[in-house]
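Chain and residue survey
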Amino acid sequence: MQDKTLGSDGSLRVHLAATAEEVCAAQKLRYRIFYDEMGAQPSDEAIACGRDVDRYDVACDHLLVSDLAAEGQLPRVVGTYRMLRRTAAERSGGFYSEDEYDLGPLLDYSGEVLEVGRSCVDLGYRSRAVMQLLWQGIAAYVSRHGIGLLFGCASLPGTDPAGMKRALAYLHHHYLAPSRIRPRALPHRHVPMDLLPADAIDAAAAWRELPPLIRGYLRLGGRIGDGAVVDERFNTTDVCLVLG
């Protein structure tokens, strides 16, 4: 059996979920963060079970950060990412991001691609150590499976693109992905990001307005797809990030 542990830091361990109970713990964490904290609208199914669930969960690998020192019968899951490889997506009906973006340029890539998403960290554990472990886990997973391109939707809080025009325009003018790997928001959901001319943007202020997760992707070389998408259910405005 392949080792599921991908790294550790003190009592914190980053690993792939190996049991249904661990996946359930990740889904409960997602519910607390997305719905209780961020105001997303849960489905009837999610309300009934107290977990953030959808059809993609069964095809994904679930990356977890667990605190082995936390009280309880099982280690406490304090951070998570959901990861879906091309080979698994082909068996399960596609990628989550295809509801928002035309991924054609990415899927034309001949090697293995990986979609990441549903990332969140428990309120009491939002530290550099947890984020570094999640990144370490993703890097180890990418190496293990020979991933050539990584992508996924990342979110800015709120559903009013005009209210975040500086941040969106900054991303458009400075971080647009090359056309050969550039996803494009679906026509019926496409929100233009070039809401300000490049010379009218205060770059330092725009950078500060970006969520830490998006800034982290950009520091690693991430680039942005064409167009944003408003996700009313999750109370966010999404951009598609590509890293490869």
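Scroll up to find the structure this text is about.
Presented here is an overview of the structure given in this document. Treat the numbers as computed from the prediction; the structure is a model and nothing was measured.

Thresholds, definitions, all that
- Residues numbered from 1 in each chain as written.
- Predicted model: local features only at pLDDT ≥ 70, side-chain atom pairs only at ≥ 80, totals over all residues.
- Heavy atoms only, no water.
- Buried < 20%, exposed > 50% of the residue type's maximum accessible area, 1.4 Å probe, protein only.
- Helix = DSSP H or I, 4+ residues; strand = E, 2+ residues; numbered from the N terminus.
- Pairing = 2+ DSSP bridges.
- Disulfide = S-S within 2.5 Å.
- Core = buried A, V, L, I, M, F, W, Y, C linked by side-chain atoms within 4.5 Å.
- Contact = heavy atoms within 4.5 Å.
- Phe/Tyr/Trp six-rings, centres within 6.5 Å; stacked < 30°, edge-to-face > 60°.
- Lys NZ or Arg CZ within 6 Å of the ring centre and 35° of its normal.
- Lys, Arg positive; Asp, Glu negative; His and termini not counted.
- Salt bridge = Lys/Arg side-chain N within 4 Å of Asp/Glu carboxyl O.

1. Some points on the pairing of strand β2 (residues 12-16)
- Here β2 lies mainly inside the structure; four of its five residues are buried.
- As defined by bridge partners, strand β1 (residues 5-9) adjoins β2 across four bridges and the pair is classed as antiparallel. In the strand pairing of β2, D9 is matched with L12.
- Remark: two residues form the turn of the hairpin made by β1 and β2, two consecutive strands paired antiparallel; G10 in that turn has positive phi of roughly 65°.

2. Examining the state of the cysteines
- Taken as a whole and judged by the stated rule, the model has zero disulfides.
- Between C49, a cysteine without a disulfide, and C24, which holds the nearest cysteine sulfur, the sulfur-to-sulfur distance is 7.6 Å.
- The thiol sulfur of C120 is not disulfide-bonded, and the nearest other cysteine sulfur, from C24, lies at 14 Å.

3. Focus on the nonpolar core
- One finds L63, L171, I214, L218 and V239 to be the most contacted residues of the largest nonpolar core, which totals 47 residues.
- If we skip the residues at most four places from it in the chain, L171 touches L176, M193, L210, I214, L218, I224 and V239.
- Core analysis: the second largest hydrophobic core is formed by 18 residues, F95, Y101, L149 and I181 among them.

4. A look at the packing of aromatic side chains
- Per the stated rule, a full pass over the model turns up seven aromatic pairs.
- With centroids separated by 5.0 Å and ring planes inclined at 85°, the aromatic side chains of W135 and Y217 adopt a geometry described as edge-to-face. With W135 in helix α5 (residues 128-145) and Y217 in helix α8 (residues 212-219), this pair connects stretches of sequence that are 82 residues apart.
- Overall, Y217 belongs to the buried group, its relative accessible area being 6%.
- Among the aromatic residues, ring-to-ring pairing joins Y31, F34, Y35 and F234 into one connected group.
- Cation over ring: R82 sits above Y96, and NZ or CZ is 5.6 Å from the ring centre.

5. A few points about the environment of M83
- Positionally, M83 belongs in strand β4 (residues 76-85).
- Accessibility expressed as a relative area gives 1% for M83, which makes it buried.
- Spatially, the C-alpha atom of M83 lies 9.4 Å from that of G152, the residues being 69 residues apart in sequence.
- The contacts of M83, once residues within four sequence positions are left out, are L16, C60, D61, L63, L114, E115, V116, I138 and Y141.

6. Here's the deal with the side chain of E100
- Mapped onto the secondary structure, E100 falls in the loop between α3 (86-92) and β5 (101-102).
- Of the side chains bearing the opposite charge, R189 lies closest to the buried E100, which forms no salt bridge; the N-O distance is 4.3 Å.
- Not counting residues within four places of it along the chain, the set of residues in contact with E100 comprises C153, A185, L186, R189, V229, D231 and D238.

Without other data, these values stay purely geometric and don't point to any function.
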